[in-house]
Each structure stands twice: as C-alpha cells, then as structure tokens.
Amino acid sequence: MKNLKLMGIFFLMLGASSFAQTSNKTIVENASVSQEHTTLVAAIKAAELVETLQGDGPFTVFAPTNAAFDKLPSGTVETLLKPENKEQLQEVLTYHVISGNFSADDIIAAINEGNGETKFETVNGSWISAMIEDEKVKLQDVAGNVATVTMADLNQKNGVIHVIDTVVLPGK
C-alpha cells in the first residue's frame, strides 16, 4: 500500500492524451471529444442525460471506455440504446455517477478509513464498492464485476472523471 498518494498521478499518466482535460468544459463536452468514449457519449445521448451531466453538479463519473462496453455480452449495447430501453440505460449510466467531487485522493482516503474497502451511493440509489488491489483502485458492483480505474482526476467544470476498464452494473 506504499505510495498510494501518488496513485492519482500514475492513473493520470496512463493514456491521458486520449481524454480532454479542459477544466472549463463540462463532463459531457469533454467526453464528446474522447475517441475512447464514443459509446459512452452515445449512451448518454440515448438516455437523455446530456442536460443533467452538463448541469452544475458536481459529479464524479466513472467513465467506461469503448473497450469496456465491448466486454459486455454481444448485443447488450445495441439493446440498451433502443428507445424502449431508455429507463434501463439510465439506471446503468447513473450507476457510474456519484454526487460530489471525489478526487483519487478522496477515494483512497475513504478506502483507507474503511480498512481496505468503502461503499459509495450512486446517483441511481444503488451502492458500489471501492477497494485497492495490486496498488490500483478498483470498483465492484453488486454482481461482483470489477472495474479498474485506469485514469483518474480528469477535472471538469462540473466535477471529475475517472476512466474505468469495465462497465459496472446496478443490482435489482
């Protein structure tokens, strides 16, 4: 667990060129220019969450990459993007959002205070666990799926983005 304070810097160095870091723009504005987040942006639009995520916030968004969405079973993304599945898509996307501005240091501090694990309530009302494994911050959904934070502390006008490598799913 040594050097955990430097983790945010380590995460930021992993592929920082792939995500806009313009802190005078909103989460959606910056995500829209990331080539690695085109699926996420399409989903935000289909779920009609653009206006919400361009609001004042602050929001902490765990942003899955296109590769993360590609890990889902075949046809899942296409099904979720259909207009008749908008509510389900909103549930999935808002499970990736926490109210407030939580930096990597804040998340790590909460994990340390929780003796190695903490839980955050997401915007959709479900809980997600955070822990440190192999000196990396990981998120675990209620089904046991685990996402690794690959880039952290991408500060935005209305919050912060942490990039993750797996889509986490809310439980029912």
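Residues numbered from 1 in each chain as written. Predicted model: local features only at pLDDT ≥ 70, side-chain atom pairs only at ≥ 80, totals over all residues. Heavy atoms only, no water.

Participant: I'm lost on the overall build of the protein chain in this one. Help?
Facilitator: Across its full length, the protein chain holds eight helices and seven strands. When the 172 residues of the protein chain are sorted by exposure, 48% land in the buried category. Considering only contacts within the protein chain whose residues lie at least 6 apart along the sequence, 66% involve residues at least 24 apart. Split by element, the accessible area of the protein chain, about 8,600 Å² in all, is 50% carbon and sulfur. (Helix = DSSP H or I, 4+ residues; strand = E, 2+ residues; numbered from the N terminus. Buried < 20%, exposed > 50% of the residue type's maximum accessible area, 1.4 Å probe, protein only. Contact = heavy atoms within 4.5 Å. Areas by Shrake-Rupley, 256 points an atom, 1.4 Å probe, with all protein chains shown as cover.)

Participant: Teacher, can you tell me more about the environment of Thr-94 here?
Facilitator: Inspection of the secondary structure assignment puts Thr-94 in helix α7 (residues 86–94). On the basis of relative accessibility, which here comes to 13%, the residue Thr-94 falls in the buried class. In sequence terms Thr-94 and Thr-122 are 28 residues apart; their C-alpha atoms lie 6.8 Å from each other. For Thr-94, the contacting residues outside a window of four places in its chain are Leu-49, Thr-122, Val-123 and Asn-124.

Participant: Is there a simple way to explain helix α8 (residues 104–113) in this structure?
Facilitator: Side chains three or four residues apart in an α-helix point the same way, a direct result of the helix having 3.6 residues per turn. Within the span of α8, buried status applies to Ala-104, Ile-107, Ile-108, Ala-110 and Ile-111. In an axial view of α8, the angular spread of the buried residues amounts to 160°, which keeps them on one side of the axis. Within two residues after α8, Asn-115 carries a phi angle of roughly 60°, on the positive side. (Arc of directions from axis to C-beta.)

Participant: What should I look at first to understand the side chain of Thr-60 in this one?
Facilitator: Of note, Thr-60 is situated in strand β1 (residues 59–64). A polar contact of 2.7 Å, which involves the side chain of Thr-60, links it to the backbone oxygen of Gly-100. Setting aside residues up to four positions removed in sequence, Thr-60 forms contacts with His-96, Val-97, Ile-98, Gly-100, Asn-101, Phe-102, Val-160 and His-162. (Polar contact = N/O pair within 3.5 Å; in protein donor to acceptor, adjacent residues only side chain to side chain.)

Participant: It is not clear to me how the sheet that holds β1 should be interpreted in this structure. Could you clarify?
Facilitator: Within a sheet, neighbouring strands are paired by backbone hydrogen bonds and run either parallel or antiparallel to one another. Ordered in space as β2-β1-β7-β6-β5-β4-β3, the seven strands form an open sheet in which the pairing is mixed. At either margin of the open sheet sits one strand with a lone partner, and together these are β2 (97–99) and β3 (117–121). Strand after strand, the sheet turns through a mean of 30° between neighbouring axes, direction not considered. Here five bridges tie strand β4 (residues 127–133) to strand β5 (residues 136–140), and the two strands are oriented antiparallel to one another. (Pairing = 2+ DSSP bridges. Axes fitted to C-alpha atoms, helices over the stretch in contact; angles between N-to-C directions.)

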